[in-house]
Amino acid sequence: MKADTHPDYHMIKVQMTDGTVFETRSTWGNEGDTLHLDIDPTSHPAWTGGTRQVDQGGRVAQFNKRFGGLTLKKN
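Keep in mind that this is a model prediction, so the values were computed, not measured.

## Here's the deal with the overall build of the protein chain
Moving on, step 1. A count of helical and extended segments in the protein chain gives two helices and three strands.
Moving on, step 2. Start at the N end of the protein chain and walk to the C end: the helices and strands fall as β-β-β-α-α.
Moving on, step 3. By residue count, 8% of the 75 residues in the protein chain fall in the buried class.
Moving on, step 4. Residue pairs in contact within the protein chain that sit at least 24 positions apart in sequence constitute 8% of those at least 6 positions apart.

Printed below as a string of structure tokens:
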């Protein structure tokens, strides 16, 4: 292996939103730092089955809302 090409892995603590803490190896921060998560599998709607926070309308709904009143007239 070449020297000075690989990142420095060290042990850090990760604190979940519910307060639980676990240790893992990472390149983030320094040895012994604590990473506080804002979103994790215990609180994110993708894993908890909650509703989405984004607009529920898709591209077709946006098109119909904007141009829904237009009609084609036949002569």
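## Looking at the pairing of strand S2 (residues 21–26)
Moving residue by residue along a regular strand, the side chains alternate between the two faces of the sheet.
Moving on, step 1. By the bridge criterion, six bridges tie strand S1 (residues 10–15) to S2 in an arrangement that is antiparallel. Bridging from a neighbouring strand, Gln15 pairs with Val21 of S2.
Moving on, step 2. With antiparallel pairing between neighbouring strands as the criterion, S1 and S2 make up a hairpin whose turn holds five residues, including Gly19 at a positive phi of roughly 100°.

## Some remarks on the pairing of S1
Moving on, step 1. Here S1 shows a buried face lined by His10, Ile12 and Val14 and an unburied face lined by Met11, Lys13 and Gln15.
Moving on, step 2. Bridge analysis of S1 against strand S3 (residues 34–36) gives three bridges, and the strand direction is parallel. Paired with Val14 across the strands is Leu35, a residue of S3.

## Details of the sheet that holds S1
Moving on, step 1. Reading across from one edge, S2-S1-S3 is the order of the three strands in this open sheet, with mixed pairing throughout. Looking at strand neighbours, the two that pair on one side only are S2 and S3, the edges of this open sheet. Taken over all neighbouring pairs, the strand axes of this sheet differ in orientation by 35° on average, direction set aside.

## Some words on the packing of aromatic side chains
Moving on, step 1. For the coordinates displayed, the defined rule picks out one aromatic pair.
Moving on, step 2. Summarising the aromatic geometry, the rings of Phe63 and Phe67 are spaced 5.0 Å apart at their centres and angled 45° between planes, so their arrangement reads as tilted. Remark: Phe67 and Phe63 occur in helix H2 (residues 59–67); sequence separation between them is four residues, near one turn of the helix.

The rules behind each value
Think of each chain on its own: its residues are numbered from 1, step by step along the sequence as written. pLDDT decides what is reported in this predicted model: residues at 70 or higher carry local features, side-chain atom pairs at 80 or more are listed and counted, and totals for whole chains, interfaces and linings draw on all residues regardless. The side-chain quantities take in all heavy atoms of the structure and omit both hydrogens and water. Numbering of helices and strands runs from the N terminus; a helix is a DSSP stretch of H or I covering at least four residues, while a strand is a stretch of E covering at least two. Think of it in three bands: with a 1.4 Å probe and only protein chains considered, a residue is buried below 20% of the maximum accessible area for its type, exposed above 50%, and partly exposed in between. We call two residues contacting when some pair of their heavy atoms lies within 4.5 Å. Here, a strand pair is defined by DSSP locating no fewer than two bridges between the strands. Axis lines are fitted through C-alpha atoms, for helices just across the contact stretch, and the angle between N-to-C directions can take any value from 0 to 180 degrees. Pairs were defined over the aromatic rings of Phe, Tyr and Trp, the Trp ring being its six-membered one, requiring ring centres within 6.5 Å. Orientation was assigned from the angle between planes: stacked under 30 degrees, edge-to-face over 60, tilted for the rest.

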